[in-house]
Every structure is written in structure tokens, then in C-alpha cells.
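# Topology and contacts: notes
Each chain, letter by letter, is given below.
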Amino acid sequence: MSEIADAGRRKGRSLLDNPRLRAILVQSLLLIAIASLAWMLIGNVRTNLASRNIASGFGFFDVTAGFAISQTLIPYEESSTYGRAFVVGLLNTLLVSAIGIVLATVLGFAVGVARLSSNMLLSRLAGAYVEILRNLPLLFQILFWYLAVLGTLPGPRQSLSLAGEIFLNNRGVFVPKPLFAAGSGAVALAVVAGSALAIILAIWARRRRLATGKIIATGWITLALVLVPPAVTFVIMGAPLSFERPELKGFNFDGGLRVVPEFLALLFALVTYTAAYIAEIVRAGILAIPRGQTEAAYSLGLRRGLTLRLVVVPQAMRVIVPPLTSQYLNLIKNSSLAAAIGYPDFFYVFAGTTLNQTGQAIEIIAITMAVYLAISLVTSALMNWYNRRLALRER
Amino acid sequence: MKRLVCALLIFAGIGVPASRVEAAVLDQVKTKGFLQCGVSQGIPGFSAPDDKGNWTGLDVDLCRAIAAAIFNDPTKVKFSPLSAKDRFTALQSGEIDVLSRNTTWTLSRDTSLGLNFTGVIYYDGQGFMVRQDKKVNSALELSSASVCTQTGTTTELNVADFFRSRKMKYEIIAFATADETVKAYDSGRCDVFTTDVSQLNAEKLKLAKPADHIILPEIISKEPLGPVVRQGDEQWFDIVKWTLYAMINAEEMGVTSKNVAEMTKSPNPEIKRLLGTEGKFGEALGLPNDWAVRIVKHIGNYGEIFDRNVGAGSKLGIDRGLNRLWSKGGLQYAPPIR
Ligand SMILES: N[C@@H](CCC(=O)N[C@@H](CS)C(=O)NCC(=O)O)C(=O)O
């Protein structure tokens, strides 16, 4: 008896002495513990929900939603399902986030560079912008844009109008909607073909420059390649394009393309707020590049603008991109404040209205977490890929 | 974010094994020493804090009546203001003992949410409010209108039904709280504000110029508003149900907060049973036998609370209408105490 036990102990000891095996053992034990905990939790949740007569499961996805949504990028009606409402909300979140990220980046870079400008007025203004926008709560800024700016626009009957084509009122911005007739396919094809040629030209010019050191001016040719073929096709096909004008009908404008004020208010607030942070990141990134780099560029005879563009910014990007990623993630998550002004984003449509009408809090909160996690992970993955491309390559 | 907290609360509560039997709500309330009651975030006449910060209103009085029946003290209530969206989660998670917040009784809420409606404290219906200068006289003229409403309500579903069944175009903007909804309507973002008519009357008082707005004549839905409890505690369900019935029965029998002391001497057997001088009806509910005396003495009968909060004796001045007693041509009808 004791001999066997002894042997076992000895064997056990020698196994545990192996650090790699030990690590694997500990990690798998941890994994098993977490998995069984999760399993237990899910089991308990299900029995407890059942004992409280609260509906559970994911069957609600194909039940009729019954409510309307004010902005839908895909066709949606009151008789559509909760599943479709889910997609509508998700697309609304992606729309405001994507446009928000692009605009915030542009504005943030402009303000960041302006803050370093040798023009006192410009740099002071940029400084004030950053300090004010960064220090006011975002929710307040959203409400400000919604109620104090867009809310004070006149009603549909007294709309501000631009050339009688574009209208601005407290129901949003209305622009003519392009209607594509037969033959627009050919125009689109011409656009693609022209652009493809322009790209090929750019690649060839770059190869030439790298090989011979000669810079070839391609600007005008590129412009012509992009514009002339579509224009010619457009005329040949008999101008296959007309516009549907927004018109005042009853209480509101009908027809045309419309951007709702809830979207605009949320977008403005997200862009201006996030741009303040991006500006600081850009400024820090540029300041991180040793002064010697600029001086070296100057002594090579590069002008200020070129120095910034060719020498400083490419190096600064390596410092800028990682914190920039987290600003993008913040913007996406902050877009869920949409509920305050009734913009039907994902959080609002799904974790708000759908949750309330179906009462299935647990499933819906879990899915909501998973969706935001997925959006964030994809964004970081893209940014990490971009970051690796920028990384210093040792030669 | 309250919603998230609520959801996490249920998650936390619900993740533990089911073997633990939950204590009866009545016992929990007695041990706590107060009733936790879910109300609105402020609808004058139904549930709103007055200038001294005391909650008042029809829905509030129901909670006070329950507290009076249990503790003989109508102040032993704590109120949780809840938005339409968060109210059911708060009740499911046990954050509140009873939900008394202009909540419409519907089949799905009564079943799949694991909740029970105990009765109807106010028979309501949905209506529309518009600015007078829009020159609209009927809801049928609202085609192409922008409509403001609150999310998580029967309202947003009814309005969708109304417009879509008549093939009328419309745009809906749904907000999370009543205040945001009213602000957006007041700023002109919407042509129409829609909710239960009683709440239209109440919210109208909050507008910048109440006189500039009219409520259209059409009532587009049935909105029986009533108190709600969790399923699974029959005793508590009965207590909340019979608290309201006691007030309606008291009105029918002419028992008021002023005459209730004398009425205990009444020879009328119906009144004797209501006021506990005959039979043991209170005990059957798990309450003292004078439960109804306590309710009527501290709070009043149904007619009194209606009048004081939303009726002729209040700022709202709403007509009793459907909420008259059945014997006077209305729908308010309580089963007998016997
Ligand atoms: N009776 C309807 C609507 C109830 C409702 O919440 N109405 C809004 C309309 S203004 C309200 O009372 N809001 C007050 C608040 O959120 O505090 C329901 O039960 O769904």
C-alpha cells in the first residue's frame, strides 16, 4: 500500500517539477473552473427565469416588432421582426461611428497641428478649443447641439433654403435625391475605368521615380483620367440622371434625401468632442519627434510644409496610432448616448426598446455586450494592422 | 444606465441556485419597515413630488394605502422613480415591491414578463396633442406628421398601428424619458405629442404655453392602468388587489375618510365586513382585521383620491368618465367582501 502511494507521490512530484507541464496543468484547471462556473451560472439563470415565469431564449428575434424607427438604412416597417430592428439599429450605430471617426480624425489633426503653429492666434484658438471641448460632459454637448442649435431652427414652413433645392429646418436637412436612369451603369463603369488608369499611372510614376530619381508631374493627367471618361459617357448616354426634389407636403417635407436632426446632433457632438482628444494625441506625437529631424530636413532644403509631411508626420504616426485607436473605440462606445436625443442607434433600439417590449433583459444585455465587443475588436484589429505597417522596419 | 444596473441586479440575483426559497413579500416589507414602490419620474396627478418633496398622486396614494393597511402609517413608503423603459426590470429584480406607475395592462406584460396586474386604478386611452396653430381638428388629419413619444410604452406600438392601418405617413421620434419627449415637442421638433390622455393633461401643465395646445378628440386605444406585482406570491398579489377594491367598495358604501370612525358603528352588514367589525377578512389576507379602516382613514375612498389628485378638486380637473362607479354608469366595480 504505502509503496504504491510513495511511488505515486514521487511520480507526482517529478511531474510537478516540470515547469512547462505545471503551467499547462494550472491553466487547464483554471479553464475548467471558469467553464464550469459559467455552465452553472447559465443553468441557474435558466431555471430561475423559468421559476419566475419570465420568458427566455432567443425566439423573440422573429417576432413582429410593432414599433417604428425614425432612421432606417435598410427597408423596415412596423410589421418587421425584432431581428430586423436589431440590424437597423446596428447599421445606424456603424453609420454614425464611421462618419464620426473620419471627421474627428480630420478635425483632430487640423487642430493638433494648429496648436503647434507659430501663429499665436491660431495656436491659442486651437488650445482654447481643446480645453473647452475636452472638459464639458459629452451628454451636455449632445443636448446642446440638439436643443440649443438644431432645435432653434425654424419649422418646415419657414425652412431656410439654399437656391430652393436644399432645405434646413427643425426636422433636419433635405437635399435633392439623385435618381439614376438606364445608362447610368455605363457612367459608373467609366468612373471605375478612369480611376483604374489613374492608379496604374501613379504606380508607374512611383517606380520611375524610385529607379531614376526623376519626378514626373502626373496631376493633370490624373484629373483628366478621372473626369473625362465619365463626362463623355454621361453625354453619350443622354444624361441619365435626374433629381427628386424635397417638397413641402402637409406637416413635413416629402421626397428627396433627408438627414434627421438627431443624427446631426449626435455626429457633431461626437466629432467635436473626440477631435479635442485626437488633437492632443497629434500634438504629443509631433513633439515626440526630435528637433534634429526637422533641422536636418531644413538643411537639406525642404520647405516647412514638406518637412512636416515627409519627415515629421510619418515618424509621429508611430506614436499617434496606438492612442488614436482607443479614441476611435471611445467614439463608438459614446455613440450609445444617442438615447438621450432619440437617435435610433443600436443600444437604443435593441437594449432599450426591444428589451422593454420583450422583457428579455438577460439575453439582450448579453447580446449587446457581445456586439459592442465585436465592433471594438474589429476596429482594434484594423488599427493594429495599420500600426504594424507603419512600424519601423530595420534595414 | 439604470437599466444596466437593473439587468445586472437580476443577473446577480438570478445566477444563484434556485433552492433558496424567497421570503414572502409581506414578510420582507414588515422586516424592512417600509414599502418600496415604483412610480413615474413625475406626472402631476399620478405620481410627482410636490414643492416640499413629498410624493403625491393617484398612483402614489395606492402605495400609501398598502402601507396604511400593513403599518397603519401611510408614510412608511419609499418611492423609486422609474422611466417607462426601466419599470419592469426594476420589479422583476426585486428592487421594488409593487409597481404603481400608469402602466397599461396587456397580455404580454401579464404573462411573459413574469408579472401580474392586480386591477385597474384608472381606465385610460391614448390621445394626441397638437399645437393650436396647426389648425388640426382630428387625428385623421395627421398624415405626414412627426410624432414624439416615449419609448418602452404601449404608446409607441399603438401609434404605429394607428398610422399604418390607415396608410398615413408619419415619423416617430421616441425618447427615453417624459421630460425629453416634452422638451422635443415644445421645441417644435414634432407636430404631435402622443400618450395616454390623462398624461397628456398632466404634461400639458409642463409646457411653456399650455393654452397654445389642444388635445384631439380621438381616443385610439384602451389603456387600463393598474398596479403590478411579481408572479409567485399569491398573498401579496391579493393584498395589492384588495387594497384597491377596498377603496372602491368604500366609495360605493359611502364610507369616507371623514366618516369612517362613525361608520364602524354602522349596522349595515356590508359595511361591517368591509371595516372588520364582522368576520375575519383582514386576517385572510394576512393583515389586521381593521385593514380597510386604516386605508380609508389615512387615504380615503376611491372617489376621494380621484377627486383630490386628478378630478375636479385638482389642477388637472379630469372628468370621472369611465372611472365612475359601475352603479353610476362607469367601469369601476369591485368584487364583494364576504
Ligand atoms: N400606459 C402606457 C404609457 C405609460 C407611460 O410611461 N407614459 C409616459 C408618457 S409621458 C410617462 O408616463 N412618462 C413619465 C416618466 O417617464 O416618468 C404604458 O404603460 O406603456
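What counts, and at which threshold
Residues numbered from 1 in each chain as written. Chains lettered and ligands numbered in written order. Predicted model: local features only at pLDDT ≥ 70, side-chain atom pairs only at ≥ 80, totals over all residues. Heavy atoms only, no water. Disulfide = S-S within 2.5 Å. Pairing = 2+ DSSP bridges. Helix = DSSP H or I, 4+ residues; strand = E, 2+ residues; numbered from the N terminus. Axes fitted to C-alpha atoms, helices over the stretch in contact; angles between N-to-C directions. Contact = heavy atoms within 4.5 Å. Buried area = accessible area lost by both parts, 1.4 Å probe. Salt bridge = Lys/Arg side-chain N within 4 Å of Asp/Glu carboxyl O. Polar contact = N/O pair within 3.5 Å; in protein donor to acceptor, adjacent residues only side chain to side chain. 1 Å grid on protein atoms, 1.4 Å probe; cavity = no way out; pocket = protein on both sides within 12 Å on 5 of 7 lines; lining within 4 Å. Points joined across faces, edges and corners; volume = space filled by probe spheres on them. Nonpolar A, V, L, I, M, F, W, Y, C, P; charged D, E, K, R; others polar. Core = buried A, V, L, I, M, F, W, Y, C linked by side-chain atoms within 4.5 Å. Buried < 20%, exposed > 50% of the residue type's maximum accessible area, 1.4 Å probe, protein only. Domains from an automatic or database assignment. Near = heavy atom within 4 Å. Areas by Shrake-Rupley, 256 points an atom, 1.4 Å probe, with all protein chains shown as cover.

One covalent bond between the sulfur atoms of two cysteine residues makes up a disulfide. All told, the structure shown has 2 disulfides over all chains when counted by the stated rule. Numbered by position along the chain, the disulfide-linked cysteines of chain B connect as 1-2, 3-4.

The next point concerns the sheet that holds strand 1 (residues 160–162) of chain A. Strand pairing in a sheet relies on backbone hydrogen bonds. The paired strands run either parallel or antiparallel. All names here are of chain A. With antiparallel pairing, the 4 strands of this open sheet are ordered in space as 1-2-3-8. Of all the strands in the sheet, the pair left with one neighbour each is strand 1 and strand 8 (257–259). Across the sheet, the mean angle separating the axes of adjacent strands is 15° when strand polarity is ignored. Across 3 bridges, strand 2 (residues 166–169) lies against strand 3 (residues 172–175) in antiparallel orientation. Across the sheet, the residue bridging to Leu168 is Val173, located in strand 3.

For the rest of this paragraph, the subject is the interface of chain B and chain A. The partner chain A presents 48 residues to the 54 residues of chain B that form the contact. Surface buried jointly by chain B and chain A totals about 4100 Å² across both partners, of which 54% is contributed by carbon and sulfur atoms. As a salt-bridge pair, B:Lys169 and A:Asp254 come within 2.7 Å of each other at their nearest N and O atoms. Where chain B touches chain A, the interface holds 20 residue pairs in polar contact (both at pLDDT 80 or more). Listed by contribution, the elements that provide at least two residues to the side of chain B that touches chain A are helix 1 (2–14), helix 4 (87–92), strand 9 (145–150), helix 6 (154–165), strand 10 (170–175) and helix 7 (178–186) of chain B.

Before going further, it helps to examine the environment of A:Ala340. Structurally, the position occupied by A:Ala340 is in the loop between helix 10 (304–334) and helix 11 (346–358). Separated by 206 residues in the primary sequence, A:Ala340 and A:Arg134 place their C-alpha atoms 20 Å from one another. Once residues lying within four places of it in the same chain are set aside, the contact partners of A:Ala340 are A:Leu139, A:Leu143, B:Phe175 and B:Glu180.

With that settled, the discussion passes to the side chain of A:Ser159. Relative to the helices and strands, A:Ser159 resides in the loop between helix 5 (138–149) and strand 1. Polar side-chain contacts of A:Ser159 include one of 2.9 Å to the side chain of A:Asn169.

The next thing to look at is the layout of surface pockets. Any empty space left between atoms is shown by rolling a water-sized probe over those atoms. The calculated volume of the largest pocket comes to roughly 1200 Å³. For the largest pocket, the lining is made up of 34 residues, of which A:Ser70, A:Arg258, B:Lys169, B:Tyr170 and B:Glu171 are closest to its centre. When contributions to the lining of the largest pocket are tallied by element, the ones reaching two or more residues are strand 7 (252–254) and strand 8 of chain A together with helix 6 and strand 10 of chain B. Here the lining of the largest pocket is built from residues that sort into 15 nonpolar, 8 polar and 11 charged.

On to the nonpolar core. Core analysis: the biggest nonpolar cluster contains 71 residues, and A:Phe67 and A:Leu266 have the highest contact counts within it. Of all the secondary structure elements, the ones that give two or more residues to this core are helix 3 (82–115), helix 5, helix 8 (261–287), helix 10, helix 11 and helix 12 (361–390) of chain A together with strand 10 and helix 7 of chain B. Of the residues forming this core, the biggest block, 13 residues, is contributed by helix 8 of chain A. Grouped together as the second largest cluster of nonpolar side chains are 62 residues, B:Cys37, B:Leu62, B:Ala67 and B:Met253 included.

A few words now on the domain arrangement of chain A. Domain annotation for chain A reports domain 1 (82–153 + 259–394) and domain 2 (178–244). For domain 1 of chain A and domain 2 of chain A, the distance between their C-alpha centres works out to 32 Å.

Residues and elements named next belong to chain B. Around the ligand lies a shell of 23 residues, among which Gln41, Ile43, Thr104, Asp196 and Gln199 are the nearest. At a separation of 2.9 Å, an oxygen atom of the ligand approaches a polar side-chain atom of Arg101. Gln199 has a polar side-chain atom sitting 2.7 Å from a nitrogen atom of the ligand. Here the ligand has 500 Å² of accessible area as a free molecule, and 99% of this is covered by the chains. Its residues placed into classes, the shell around the ligand shows 4 nonpolar, 13 polar and 6 charged. Built from parts of two domains, the shell around the ligand gets at least three residues from each of domain 1 (2–123 + 225–242) and domain 2 (126–221).

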